[in-house]
Amino acid sequence: RGPSDRLQRARYAAAGVRERMMSAEPVAFYRSLDLIRVPYPTRFALREASRVKTPMLHIFNRMFVIQTETAYGLRTILVSPSDIDANGETPYFKRLAQSMGRLQPQIAPLIAPRSATVAEALAMTGISPESVDYITYDHLHTQDVRRWLGDGVRPGYFPNAKLLVMRQEWISAHDLAPPQRDWYC
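All of these numbers come straight from a predicted model, not from anything done at the bench.

1. A few points about helix H6 (residues 118–125)
- Of the residues making up H6, those classed as buried are Val 118, Ala 121, Leu 122 and Thr 125. Burial along H6 is one-sided: seen end-on, the buried residues are contained in an arc of 95°.
- Buried positions along H6 lie against strand E1 (29–41), strand E2 (56–70), strand E3 (73–79) and helix H7 (146–149).
- Within two residues after H6, Gly 126 carries a phi angle of roughly 80°, on the positive side.

2. Brief notes about helix H4 (residues 91–98)
- Those residues of H4 that sit buried are Tyr 92, Phe 93 and Leu 96. An end-on view of H4 places all buried positions within 90° of arc, on one side of the element.
- Contacts made by the buried residues of H4 are with E1, E2 and helix H3 (84–87).

3. Describing the nonpolar core
- Formed by 30 residues in total, the largest nonpolar core has its most connected members in Leu 35, Met 63, Leu 78, Leu 122, Val 132, Ile 135 and Phe 158.
- Elements represented by at least two residues in this core include exactly E1, E2, H4 and H6.
- For this core, the element with the highest residue contribution is E1, accounting for 5 residues.
- Contact partners of Phe 158, with chain neighbours within four places excluded, come to Leu 78, Val 118, Leu 122, Pro 129, Val 132, Ile 135 and Trp 148.

4. With respect to the sheet that holds E2
- Spatially, the 5 strands line up as an open sheet ordered E1-E2-E3-E4-E5, and their pairing is mixed. Here the strands that pair on one side only, and so sit at the sheet edges, are E1 and strand E5 (162–164). The average undirected angle you get between the axes of adjacent strands in this sheet is 25°.
- With 7 bridges joining them, E2 and E3 adopt antiparallel strand pairing. What sits directly across from Glu 69, in E3, is Leu 74.
- Against the sheet, H4 contacts E1 and E2, and its axis sits at roughly 60° relative to E1.
- This element, H6, spans E1, E2 and E3 of the sheet and lies at about 160° to E1.

5. Some remarks on unusual backbone geometry
- One non-glycine residue, Ser 80, lies in positive phi territory at about 65°.
- Counting through the fold element by element, Ser 80 comes out in the loop between E3 and H3.
- A relative accessible area of 15% means that Ser 80 is categorised as buried.
- Positive phi values are uncommon outside glycine, yet Thr 142 reaches one of about 70°.
- In this fold, Thr 142 is placed in the loop between strand E4 (134–136) and H7.

Reading the values: rules and limits
Throughout this description, residue numbers start from 1 for each chain and increase along the sequence as written. Where local features are concerned, this predicted model is filtered to residues with pLDDT of at least 70; where side-chain atom pairs are given and counted, the filter is 80 or more; whole-chain, interface and lining totals use all residues. To obtain the side-chain values, all non-hydrogen atoms of the structure were included, while hydrogens and water were left out. Buried means the residue's accessible area, taken with a 1.4 Å probe over protein chains only, is under 20% of the maximum for its type, while exposed means over 50%, and partly exposed covers the values in between. Helix and strand labels come from DSSP, where a helix needs a run of H or I of at least four residues and a strand needs a run of E of at least two; each type is numbered from the N terminus. Here, the arc refers to the directions that run from the helix axis to the C-beta atoms. In this description, contact between two residues means that some pair of their heavy atoms is separated by no more than 4.5 Å. To qualify as a nonpolar core, a set must consist of buried Ala, Val, Leu, Ile, Met, Phe, Trp, Tyr and Cys residues joined through side-chain atoms within 4.5 Å. Here, any two strands with at least 2 DSSP bridges between them count as paired. Between N-to-C directions, angles cover 0 to 180 degrees, with each direction set by a line fitted to C-alpha atoms, over the stretch in contact for helices.

See the structure below:
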């Protein structure tokens, strides 16, 4: 099938997903919480869509907390719980920090202002780390999940949580092409 046909099928499927979501019972709890504003290369974010001549734009990382009733009871899902410090070890961001030299401690809070850590944001909801059932991300680049799920030596901050990730994303993260390596922990 050609690209136009695939696009038409995707739009049709999206309409069906939207209809199912809109007719479903509302979730028990939802909240969006600000974590950090991160510089990101404009050329990757917008490609040719912007004529602005700035090398960076800012992406606002937020964590979404969702509680929903299931056949197994209430489940708590965290979407995009970014470990700000560990994610700084991503090669691209590590080089960016090193490029600031000795002024990095003064400059970093200006170019990547933090709003809250994951622990602080979760505390704002009144939900305990033990109550988190799942964590998930739209993609895994720059994400280090060891603090959340454990690393084989230390237990995870979310001791009962499981990682939800698309199979292809997981496979890709374990077999990176050279241009991708800059973006994964």
